[in-house]
Amino acid sequence: TNPGNIMRVNLILGLCLSVVVFAAELEFRPTFESCGVYFRTSSLRSCQISYREKGSETWLPAFEPVFDRNYDACYRSSIVDLRENTEYEVRAEGARIEPVSGSFRTWANEVPIAREIIISPAEATGGVTISDKGRPDGYICYTAAPGTIISGEGRSEALLLDGAEYVVVKNLILRGGNNSGIKLQNCRYVRVQNCEISGWCDAANWQLDRGSGRMRNAQKAALWNKNGISIDRGFGQVIERCYIYDPALSANAWRYGHPDGPQGIAAWKPEATVIRYNDICGSNWRWWNDGIAGSGNFDLDGGLNRDADVYGNYIAFANDDAIELDGGQQNVRCFRNHFEHCFMGISVQGSMTGPSFVFENLIVHLGDEFGERASAFKTANLWNGFYTASFFYHNTSFNPGGVLNIPENMQLVARNNILREIKSPHRRF
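What this report covers is the structure whose coordinates are included nearby. Just so it is clear, the structure is predicted and the values come from calculations on it, not from any experiment.

### Looking at the overall build of the protein
Phase 1: Scanning the protein from terminus to terminus reveals one helix and 39 strands.
Phase 2: Looking at the protein as a whole, 58% of its 429 residues qualify as buried.
Phase 3: Intrachain contacts of the protein at a sequence separation of at least 6 include 68% that bridge at least 24 residues.
Phase 4: Carbon and sulfur atoms form 48% of the exposed surface of the protein, whose accessible area is close to 17,500 Å².

### Some details on the pattern of salt bridges
Phase 1: Enumeration over the complete set of coordinates arrives at 27 salt bridges.
Phase 2: With a closest N to O distance of 3.5 Å, R83 and E53 form a salt bridge. Taken together, the residues R83 in the loop between β7 (74-79) and β8 (87-94) and E53 in strand β4 (residues 47-53) connect sequence positions 30 residues apart.
Phase 3: Judged by relative accessible area, R83 falls into the exposed class, the value being 51%.
Phase 4: Note that R276 is salt-bridged to E84, the shortest N-O span being 3.1 Å. A residue pair is termed long-range when its members are at least 10 positions apart, and R276 in strand β26 (residues 274-276) and E84 in the loop between β7 and β8 qualify at 192 residues.
Phase 5: Of the residues examined, E84 reaches a relative accessible area of 28% and is grouped as partly exposed.

### Side note on the sheet that holds strand β5 (residues 60-61)
Phase 1: Spatial ordering of the open sheet is given by β5-β4-β8-β9, a layout of four strands whose pairing is antiparallel. This sheet does not close on itself; its edge strands, each paired only once, are β5 and β9 (97-105).
Phase 2: For β4 and β5, the ladder comprises two bridges, and the chain directions are antiparallel. The partner of S50 across the bridge, within β5, is P61.

### Some points on the pairing of strand β14 (residues 157-162)
Phase 1: With five of its six residues buried, β14 lies for the most part within the structure.
Phase 2: Pairing between β14 and strand β17 (residues 180-185): five bridges, direction parallel. Bridging from a neighbouring strand, D162 pairs with Q185 of β17.

### Notes on the nonpolar core
Phase 1: Counting 61 residues, the largest nonpolar core has L161 and I346 as the members making the most contacts within it.
Phase 2: With four residues, the single largest contributor to this core is strand β30 (residues 314-324).
Phase 3: Leave out the neighbours within four places in its chain, and I346 touches I323, L325, C334, F339, V358, N361, I363, A376, F377 and K378.
Phase 4: Counting 22 residues, the second-largest nonpolar core is a separate cluster that includes C141, V238, V274 and F359.

Rules used throughout
- Residues numbered from 1 in each chain as written.
- Predicted model: local features only at pLDDT ≥ 70, side-chain atom pairs only at ≥ 80, totals over all residues.
- Heavy atoms only, no water.
- Helix = DSSP H or I, 4+ residues; strand = E, 2+ residues; numbered from the N terminus.
- Buried < 20%, exposed > 50% of the residue type's maximum accessible area, 1.4 Å probe, protein only.
- Contact = heavy atoms within 4.5 Å.
- Areas by Shrake-Rupley, 256 points an atom, 1.4 Å probe, with all protein chains shown as cover.
- Salt bridge = Lys/Arg side-chain N within 4 Å of Asp/Glu carboxyl O.
- Pairing = 2+ DSSP bridges.
- Core = buried A, V, L, I, M, F, W, Y, C linked by side-chain atoms within 4.5 Å.

Put into structure tokens, the structure is as follows:
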């Protein structure tokens, strides 16, 4: 296993003494319960990827592989519903090529802790910056004394993780931050667990412009990129079991133009990110722009970028999307989430490389602060990767009057979804 838990298997075959030579390579990008699979070979007439838990005799199919001729030409697929800290075997097969096999191990829920640092109330008053580097066999764990509140007053964020590696941050209470409650910047293998985040946005410097219906500062700038947690690049980062609520300001509704305002979590081009079991709750007084947002919606590596899992989250009260998957969407998986009281549900527009996988989500009671709503699933923009694809399985949505926007240039596989009173402008459903 090389750094980044990326595993590759190579195979070169000459066929029938022909001048044709096929080079094949398998690459794995595992998380706790999923794995992105990359099979680099010539475009085949057919390709199947199957897997099994090590020691099992039964091979199971992965998601249907998608071949991309434009971007890092290869077959891409995901394997889901895996067990944590478990070894799996994978086999890729195609016409006119011998099977290629390899193995990987999923991430462990628990990591070894070499050192624990307890943040005192005195250390917390001016915010906290962490740049420590632990090791794979010895993480550094940061927590706080009971009752300690980490303050972001006068700072860009209450907690900055800057280039940290193999660090766990858990059981912290964070208040304030001009831009974010927590920011992860170029970190590797950092876990943020069971933190309570509220009160960011620097409300004193923003006023409601009654002419436009939007918040503006003295320079007339929009209230943009204010996030409970900001993820700026990095690899192998985990956000889990956090409570993100009550920013100091609220996002405007669509009737005043595209919403500007706070977001629960925002991602800028990280790799191998897991966001799970978080409560991202606005209210009638504090609305999100997006519950989970991405930047670089039409960049090849935008948003959550690649090899990400978003599952088990509750998101409510967004004046735009419950979640944006927009961007690279290369083996980005969104599943078993509960979304409600949002203008839109799940956005997969701007799928630039793909494939993405959206399954077993519940989307109900859509509506922004004025009760206006759009689509449960959004793919409205015609700007997508040429070979990209998105898979929708077993989702449930109740959205009277909504529209499922599907552009004709995007490959979509949808099975066993319960979509009540949803219409498609292209008559595909």
